[in-house]
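The lines below spell out each chain.
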Amino acid sequence: MTFSLILLTLNEIVGCKLIIPRIDKSLFNELICIDGGSTDGTIEYLRNEGFKVSIQDKKYNKYHINCVQKKICDAYMMGGKAATSDYIVIPFTPDNNMIPEKLSELIEKAKEGHELLCVSRYKDGAKSLDDTVVTSIGNWMFTGIVNILFGGKFTDVLGGYKCVKRDLYERLGINNDSARISVHTQLAIGCLRNNIPYVDIAGDEPKRVAGHSSVNVLINGMSEVITILEAFFNRSIYKIKK
C-alpha cells in the first residue's frame, strides 16, 4: 500500500518553513505540490525539499476564481491526477492548520481498509482554533444534514485534512467537470451511498500562521446546499455502477 502527500500552495513560504521540516517524508512514496503561481520562494523551497512541483498555468477570470472556486477545484483534481500511489493525502496545507504528526496515524488507519479518512476537528474533544462562529455552525449543520439524509456517522464532513483512496474519485464519477469546492461532501455522500468504509480520527486544528483562508462562506455554503440536494433527489449520483 503506497501513499502520496499533496500540497496546494500559493505564496506559503512562511508556513512551509515551519511545517515541512516536521513531516516524516518516509511515510510517502511521492511528495507532490500543485502551486497557483507563488512569487515568494515557495516553489523553490519545496523543490529543494524533494517535492515535485507543478504550476497551474491556466488563466482564470474573476468569476471562476471568486464565484465557483474553479482554480482551487482544478488544483485539487490536478493533484490527484499527478499521483500514482494507492492513497493520497489531499490537500495538506502548510499554513499550520494541519498537524504533521497526525500523518502517521492517518496512514495506519488507511491500512485497515478505510477508503476515506479525516482528521476531525470535532471528534473526541478535538477543537479548531481557526474556526469562526459562522464556519463552526456551518460545518455542524452540513455534517448533520449529510448524516441524517444519507445515514452517516461523520463528525467533520467539511474538514480538509483528508486521506482518500486514489481511485475513489473515478469510481464515484468525480472529475474535473463534476468536482466542486464541496468535493469532500461529494466523497462523503459517495461513501455512504455505496457502503464504502470511512473513518474520522480526532485532531486539533491550530490557527494558521500566515496568509488567509480561501473559504467564502456564501459561495462554499451554496455549493454544499446544491451538492446535498442534488444527491438527495438523484439517487444515481455518486452511485458506483456494477
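Preceding this paragraph is the structure being described.
Keep in mind it's a predicted model, so treat the numbers as computed, not measured.

Visitor: Help me out: how do you make sense of the overall build of the protein in this one?
Guide: For the protein, the helix and strand inventory stands at nine helices and seven strands. Relative to the compact-globule value of 18 Å for 242 residues, the protein shows a C-alpha radius of gyration of 17 Å, a close match. Counting the 242 residues in the protein, one finds 50% classified as buried. On the protein, the mean spot of the 30 positive side-chain charges and the mean spot of the 28 negative ones are 5 Å from each other.

Visitor: Explain the pairing of strand E4 (residues 87-92) here, please?
Guide: Most of E4 is tucked away, with six of its six residues classed as buried. Here strand E1 (residues 3-9) runs beside E4; their pairing, made up of four bridges, is parallel. Bridged to leucine 7 within E4 is phenylalanine 92. Looking at chain direction, E4 and strand E6 (residues 162-165) are connected through three bridges and run antiparallel. Bridge pairing links isoleucine 88 to valine 164 in E6.

Visitor: How should the pattern of salt bridges be read in this particular structure?
Guide: Think of it this way: side chains of opposite charge can pair up when their charged atoms draw near. Considering all chains together, one arrives at 15 salt bridges under this definition. As a salt-bridge pair, aspartate 74 and lysine 70 come within 3.1 Å of each other at their nearest N and O atoms. Pair noted here: aspartate 74 and lysine 70 are both in helix H4 (residues 70-82), with a separation of four residues, about one helical turn. Take aspartate 74: its relative accessible area is 10%, and that puts it in the buried class. Lysine 70 gets classed as partly exposed once you look at its relative accessible area, which sits at 23%. What you see here is one network of salt bridges that share partners, running through Asp95, Asp130, Lys207 and Arg208.

Visitor: Before we go on, may I ask you to explain unusual backbone geometry in this structure?
Guide: Most of the time, phi is negative for any residue but glycine, and the peptide bond is trans. Backbone torsion omega between isoleucine 90 and proline 91 reads -10 degrees, so that peptide bond is classified as cis. Summarising the element assignment, proline 91 is placed in strand E4. The phi angle at asparagine 96 is positive, at roughly 85 degrees, despite the residue not being glycine. A positive phi angle, near 50 degrees, is found at aspartate 124, a position not held by glycine. Turning to its location among the elements, aspartate 124 is positioned in the loop between strand E5 (116-120) and helix H6 (133-150). Taking relative accessible area as the criterion, aspartate 124 reaches 69% and is therefore assigned exposed.

Visitor: Could you clarify how one ought to interpret helix H5 (residues 103-110) in this entry?
Guide: Structurally, the α-helix is built with 3.6 residues per turn, so residues lying three or four positions apart point the same way. Of all the residues in H5, the buried ones are Leu103, Leu106, Ile107 and Ala110. Buried residues of H5 fall within an arc of 95 degrees about the axis and therefore sit on the same side. On its buried face, H5 is in contact with E1, E4, E5, E6 and strand E7 (198-202).

Visitor: Please clarify how the environment of valine 164 should be interpreted in this entry.
Guide: The topology assignment puts valine 164 in strand E6. If we ignore the near neighbours within four places in the chain, the residues touching valine 164 are Asp86, Tyr87, Ile88, Glu115, Leu116, Tyr169 and Leu187.

Visitor: What's the story with the sheet that holds E4 in this structure? I'm lost.
Guide: Paired through backbone hydrogen bonds, the strands of a sheet run either parallel or antiparallel to each other. Strand order in the open sheet formed by seven strands is E3-E2-E1-E4-E6-E5-E7, with mixed pairing between adjacent strands. Only two strands of the sheet have a single partner each, and these edge strands are strand E3 (52-55) and E7. Strand-to-strand twist of the sheet, defined as the mean angle between neighbouring strand axes without regard to direction, takes the value 20 degrees. Both E5 and E7 contribute to a ladder of five bridges, which runs parallel.

Criteria and cut-off values
Residues numbered from 1 in each chain as written. Predicted model: local features only at pLDDT ≥ 70, side-chain atom pairs only at ≥ 80, totals over all residues. Heavy atoms only, no water. Helix = DSSP H or I, 4+ residues; strand = E, 2+ residues; numbered from the N terminus. Rg over C-alpha atoms; globule rule 2.2 N^0.38 Å. Buried < 20%, exposed > 50% of the residue type's maximum accessible area, 1.4 Å probe, protein only. Lys, Arg positive; Asp, Glu negative; His and termini not counted. Charge placed at Lys NZ, Arg CZ, Asp CG, Glu CD. Pairing = 2+ DSSP bridges. Salt bridge = Lys/Arg side-chain N within 4 Å of Asp/Glu carboxyl O. Arc of directions from axis to C-beta. Contact = heavy atoms within 4.5 Å. Axes fitted to C-alpha atoms, helices over the stretch in contact; angles between N-to-C directions.

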